[in-house]
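Observations on chain architecture
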Amino acid sequence: MTGGVATRRRAVVTGGSGFLGSHVCEALVTAGHPVTCVDNHVTGSRTNVAHLLDAAGFELLEHDVSTGLDVSGDVGLVLHLASPASPPDYLRLPVQTMLVGSEGTRHALELARSKGARFLMASTSEVYGDPEQHPQPETYWGNVNPVGPRAVYDEAKRFSEALCTAYRAEHTVDTTIARIFNTYGPRMRIDDGRVVPTFIQQALSGEPLTVAGDGSQTRSLCHVEDTTRGLLALLGSSHQGPVNIGNPHELSVRDIAAAVLQVTGSSSTLVHVDLPQDDPKLRCPDITLARRLLGWEPRIPLREGLASTVAWFADRRRTSA
Ligand code: NAD
Ligand code: UDP
């Protein structure tokens, strides 16, 4: 890991068995940190961290952080990543999503407060909702429908950001907020419903790719290794954020479909399906701040990142066949 945390303190990673959390745990272990991964496996999986179970200082606690968070001994870093993150997951688990973004965040912040630890909140570009400013800088306040279906995720993350700000003000907790944009890569659940795993699965199976609406809506895809490096750079800095961590290479959903077809060599067709309610029309990070504060920017081009992700999914399909 580069650009990360200098001193080797125990890190508690909530949601550490998830897609992104498992890469964060791995990077922290590689950098020599003892890591406690806390996860209830509601959307993540123990297999994501199976390769770390024998690593020195790594431990996995199966636990719901919405009910409390108690870790004995010294803790220098708390990273709160626990939350369903795929739209189908949080639509299926609306109350759990709100609880982990409220009670879960409070318990994680209390742990950081009691241990004097630095705290990183994994927030999201969804705090910008369906944005009226494009690209989105951190100064934009967002456009979220508070009673729409996505609100369970968006408002929970907005609450988490506000709670971090309150703990910083009232309890001087050393908090920072990362606003993470769409991240993809190995260890996504093939059936988690997000666009990249869905299109890859469909392309590899020769099924039509399900393009929502006319596919003109945009996203900006960041490879998980780049996102992880950005999160650890922010964690290792003294900045309070929020800081956008994402790739400014903006693509329409149709572009994403075309890229997946090209990388897989699939002859799948496209089929248009209903656009979900409140689906953001545009999304692209302004990463001026991350470049200036952290010297961070993504390095992995889309085709290269997609190729390694497709290879990973193809391998999983072979071994589970
Ligand atoms: P994921 O679903 O793979 O991982 C989330 C993990 O949190 C899972 O392992 C799940 O079991 C765990 N979890 C959920 N509720 C929990 C609870 N109450 N107690 C303990 N563990 C719990 O999703 P991901 O894509 O890896 O996202 C990780 C974090 O990053 C989330 O907070 C998400 O909001 C944030 N984020 C991700 C993206 C992205 O594109 N991947 C973008 C923006 C923000
Ligand atoms: N999407 C799609 N087909 C799918 C899954 C998603 O066209 O099978 C679209 C979705 O409607 C959205 C974009 O792809 O416009 C990104 O969706 P995803 O769920 O990956 O992330 P989010 O909406 O949270 O950015």
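The structure this text deals with has already been given above.
So, here's what we can say about the structure. All figures in this text were calculated on a predicted structure; none of them were measured in a lab.

Let us now look at the packing of helix α7 (residues 253-264) against helix α9 (residues 302-320). In contact at an axis separation of 10 Å, α7 and α9 are set at 60° when each is read in the N-to-C sense. Judged on the interaxial angle alone, α9 and α7 are oblique. When the axes of α7 and α9 are compared, the crossing they make is right-handed. Contacts between α7 and α9 involve Ala259, Val260, Gln262, Val263 and Thr264 from the first element and Leu302, Arg303, Leu306, Ala307 and Val310 from the second. A breakdown of the residues in the contact of α7 with α9 according to their chemical character gives seven nonpolar, two polar and one charged.

Scanning all chains against the criterion turns up four aromatic pairs. Consider the rings of Tyr128 and Tyr140, whose centres lie 5.9 Å apart with planes at 25°: the pair is stacked. On the criterion of sequence distance, the pair formed by Tyr128 in the loop between β5 (118-124) and α4 (151-171) and Tyr140 in the loop between β5 and α4 is long-range, its members being twelve residues apart. Across this residue pair, the class does not change: Tyr128 and Tyr140 are buried. Chaining the aromatic ring pairs together yields one cluster made of Tyr128, Tyr140 and Phe181.

All right, on to the sheet that holds strand β11 (residues 243-245) then. Spatially, the seven strands line up as an open sheet ordered β3-β2-β1-β4-β5-β6-β11, and their pairing is parallel. With partners counted over all chains shown, the strands left at the sheet margins are β3 (58-62) and β11, one partner each. In this sheet, neighbouring strand axes are inclined to one another by 20° on average, regardless of whether the strands run parallel or antiparallel. As judged from the four bridges shared by strand β1 (residues 11-14) and strand β2 (residues 35-39), these two strands associate in the parallel manner. Bridge pairing links Ala11 to Val35 in β2. Packed on one face of the sheet, helix α3 (residues 94-115) meets β1, β4 (77-80), β5 and β6 (174-180) and runs near 175° to β4. Packing against the sheet, helix α6 (residues 224-236) makes contact with β4, β5, β6 and β11, and its axis sits at approximately 160° to β6.

A separate point is the pairing of β2. For β2, the tally of buried residues reaches five of five residues, placing the bulk of the element in the interior. Side chains Val35, Cys37 and Asp39 project from β2 onto one buried face, and the interleaved Thr36 and Val38 project onto a second face that is buried too. Regarding topology, helix α1 (residues 19-30) serves as the crossover connection from β1 to the parallel β2, and that connection is right-handed. Inspection of the sheet shows β2 paired to β3 by five bridges, in the parallel sense. In the sheet register, Cys37 faces β3, and the bridge partner there is Leu60.

What follows covers the site of ligand 1. Near ligand 1, the surroundings consist of 31 residues, among which Leu20, Asp39, Thr43, Tyr153 and Lys157 are the closest. Interatomic distance of 2.9 Å between a side-chain N/O atom of Arg194 and an oxygen atom of ligand 1. When the free accessible area of ligand 1 is taken as 820 Å², the share hidden by the protein chains comes to 96%. Of all elements in the fold, only α1, β5 and α4 reach the threshold of two or more residues within the shell around ligand 1. The element contributing the most residues to the shell around ligand 1 is β5, with three residues. Considered class by class, the residues forming the shell around ligand 1 number 13 nonpolar, 14 polar and four charged.

Calculation criteria
Residues numbered from 1 in each chain as written. Chains lettered and ligands numbered in written order. Predicted model: local features only at pLDDT ≥ 70, side-chain atom pairs only at ≥ 80, totals over all residues. Heavy atoms only, no water. Axes fitted to C-alpha atoms, helices over the stretch in contact; angles between N-to-C directions. Helix = DSSP H or I, 4+ residues; strand = E, 2+ residues; numbered from the N terminus. Parallel < 35°, antiparallel > 145°, perpendicular 65-115°, else oblique. Left-handed = near helix turned anticlockwise from the far one by under 90°. Contact = heavy atoms within 4.5 Å. Nonpolar A, V, L, I, M, F, W, Y, C, P; charged D, E, K, R; others polar. Phe/Tyr/Trp six-rings, centres within 6.5 Å; stacked < 30°, edge-to-face > 60°. Buried < 20%, exposed > 50% of the residue type's maximum accessible area, 1.4 Å probe, protein only. Pairing = 2+ DSSP bridges. Right-handed = clockwise from strand over helix to strand, strands pointing away. Near = heavy atom within 4 Å. Polar contact = N/O pair within 3.5 Å; in protein donor to acceptor, adjacent residues only side chain to side chain. Areas by Shrake-Rupley, 256 points an atom, 1.4 Å probe, with all protein chains shown as cover.

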